[in-house]
Amino acid sequence: MTARDPNTAAPSVSWGEVCARRAQRHGLAAPLPGASPVDAVRVMCGAHAQVLSAAELSVGLRLEGVTRAEVRAALWTDRTLVKTYGPRGTVHLLPTADLPMWTGALSALPSAASPFAKDVRLSPEQLDEVVAAIGAALKDAELTADELTDEVVARTGPWAGDLVMPAFQGFWPRWRQAIATAAHRGALCFGANRGRKVTYTNPARWLPGLCPDEGPRALAALVEQFLHGYGPATAHQFAQWLNAPRGWAGELFGRLAGEGRISEVLLDGAPAYLVSGDERMPAEPVRGVRLLPYFDAYVIGSHPRPLVFPGRAAERALAGGQAGPFPVLLVDGVAAGVWHQRRSGRRLAVTVEPLAPLDRAQLRELDEQVERTATILEATAELTLGTVTVGAHA
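This report concerns the structure included in the present document. (Residues numbered from 1 in each chain as written. Predicted model: local features only at pLDDT ≥ 70, side-chain atom pairs only at ≥ 80, totals over all residues. Heavy atoms only, no water.)

1. A few points about the sheet that holds strand β4 (residues 81-85)
Next up, step 1: The 3 strands lie next to each other as β3-β5-β4, forming an open sheet whose pairing is antiparallel. The open sheet terminates on both sides in strands that have one partner only, identified here as β3 (47-48) and β4.
Next up, step 2: Bridging between β3 and strand β5 (residues 91-95) involves 2 bridges; their strand directions are antiparallel. Bridged to A47 within β5 is L93. (Pairing = 2+ DSSP bridges. Helix = DSSP H or I, 4+ residues; strand = E, 2+ residues; numbered from the N terminus.)

2. Overview of the sheet that holds strand β6 (residues 143-144)
Hydrogen bonds along the backbone pair up the strands of a sheet, which may run parallel or antiparallel.
Next up, step 1: In space, the 3 strands of this open sheet follow the order β6-β10-β9, with antiparallel pairing throughout. Because the sheet does not close on itself, it has two edges, and the strands there are β6 and β9 (189-194).
Next up, step 2: Sheet topology note: the β9/strand β10 (residues 197-201) ladder contains 4 bridges and is antiparallel. Within the sheet, the bridge partner assigned to R194 lies in β10 and is K197.

3. Re the pairing of strand β7 (residues 163-167)
Next up, step 1: Taken together, the 4 bridges between β7 and strand β8 (residues 170-173) define a ladder with antiparallel strand orientation. Bridging across to β8, L163 finds its partner in P173.
Next up, step 2: Between β7 and β8, which pair antiparallel in sequence order, lie 2 residues; one of them, F168, sits at a positive phi of approximately 55 degrees.

4. Comments concerning the nonpolar core
Next up, step 1: With 127 residues, the main nonpolar core has L188, F238 and F309 as its most contacted residues.
Next up, step 2: Filtering out sequence-adjacent residues up to four positions away, L188 remains in contact with T84, Y85, I134, L138, L148, I179, A182, A183, Y200, T201 and P203. (Core = buried A, V, L, I, M, F, W, Y, C linked by side-chain atoms within 4.5 Å. Buried < 20%, exposed > 50% of the residue type's maximum accessible area, 1.4 Å probe, protein only. Contact = heavy atoms within 4.5 Å.)

5. With respect to unusual backbone geometry
Next up, step 1: Note that the residue after G231, namely P232, is joined by a cis bond; omega there is -5 degrees.
Next up, step 2: Note that P232 resides in the loop between α9 (215-230) and α10 (235-242).
Next up, step 3: Unusually for a residue other than glycine, C45 sits at a positive phi of about 60 degrees.
Next up, step 4: Its place among the elements puts C45 in the loop between α2 (37-43) and β3.
Next up, step 5: Assessed through its relative accessible area of 1%, C45 is described here as buried.
Next up, step 6: Although it is not a glycine, F295 adopts a positive phi angle of roughly 55 degrees.

6. Concerning the pairing of strand β13 (residues 289-292)
Next up, step 1: Every second residue of β13 is oriented toward a common face, with V289 and L291 on one face and R290 and L292 on the other, all of them buried.
Next up, step 2: Summarising the sheet, β13 and strand β14 (residues 328-331) pair through 4 bridges and their orientation is antiparallel. Each residue of the ladder has a partner; that of V289, found in β14, is V331.

7. Details of the packing of aromatic side chains
Next up, step 1: Scanning all chains against the criterion turns up 11 aromatic pairs.
Next up, step 2: Note on F190 and Y200: the rings are 5.4 Å apart at their centroids and 40 degrees apart in plane angle, and the pair reads as tilted. Of the two residues, F190 sits in strand β9 while Y200 sits in strand β10, which places them 10 residues apart along the sequence.
Next up, step 3: Since its relative accessible area comes to 7%, F190 is described here as buried.
Next up, step 4: Since its relative accessible area comes to 5%, Y200 is described here as buried.
Next up, step 5: Site record: aromatic cluster; members linked through ring pairs are W102, F226, Y230, F238, W241, F253 and Y273.
Next up, step 6: A cation sits over an aromatic face here: R316 above F326, 5.8 Å from the ring centre. (Phe/Tyr/Trp six-rings, centres within 6.5 Å; stacked < 30°, edge-to-face > 60°. Lys NZ or Arg CZ within 6 Å of the ring centre and 35° of its normal.)

In structure tokens form, the structure reads like this:
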């Protein structure tokens, strides 16, 4: 239960309470009742989808009886989910209905310094021109990168097609440095793959009249959504999750606290924030075993890292201090091992490496979670307990 610290007005909460709250909110204590893939993605603040099968598993394991087929239907048939560039400039699944908030918030972030040389980068005017050309070209189409290059160059000029961006063993045309910005402004998202080729389209096809929300309002809504799933959290932790400047995030949290939208609490004595009026904590600790895939939102967004990845987990399940590159065995809401899957046809070979012995009840639940993983991925599973020899995912 939340208690009052005698020396401050801020309520105190324990790590056990916070861990139980996050697991409950994420559907990792029990599946989210009556929820859809959209509900799961919303509470996660987006599902990391650089590896789409990992996103499908992240969503499915939070729901009752859902497989990757339902997640794919939400994405490619119902269009209630959209695949686009989200926080940290990485590929995410986001709720289509939430795009006004997401695009408003992401396009309001402070501009980062360009990683490109001066003769390569786009000027602010060129960037605006390219984004407008992308949005127009994709208005009623799904285009590959090569097809979109032709359209952008035709709408802007030959300079947009100059092969100046170092990429793999060759060069990309200049305009491609604007892809993430176009997504953040609501002009681009991913379409369905055409064979092995990625396609892009305009999300306004699925959300007519899409217009980014006004920046301050969108950022406030994003902070509140983040704190709903990952709070209590600090401004620095929010900045890390979003890949935004710490000073800027501190000012944002200060403004929202001044407006009464977020309130300070003490997590084991350290100050952090929750949405005002949403400070209630679960009465019971979290219990259970879960298998989280690569880049699952729960481990990426949760802090403090030493509590989320206690003891040996910090060495085994983090890569350079970063969460996500290893699939994680979660026991009672914290990282307690790593695992790996290898698929061959419909057969799924799962290797789990616990960092401490599991008791009989936990082993039974691990068997159930392996079966659940196989069901979500439409496969049949075989479990091995042993050392995971596969390295971190890039």
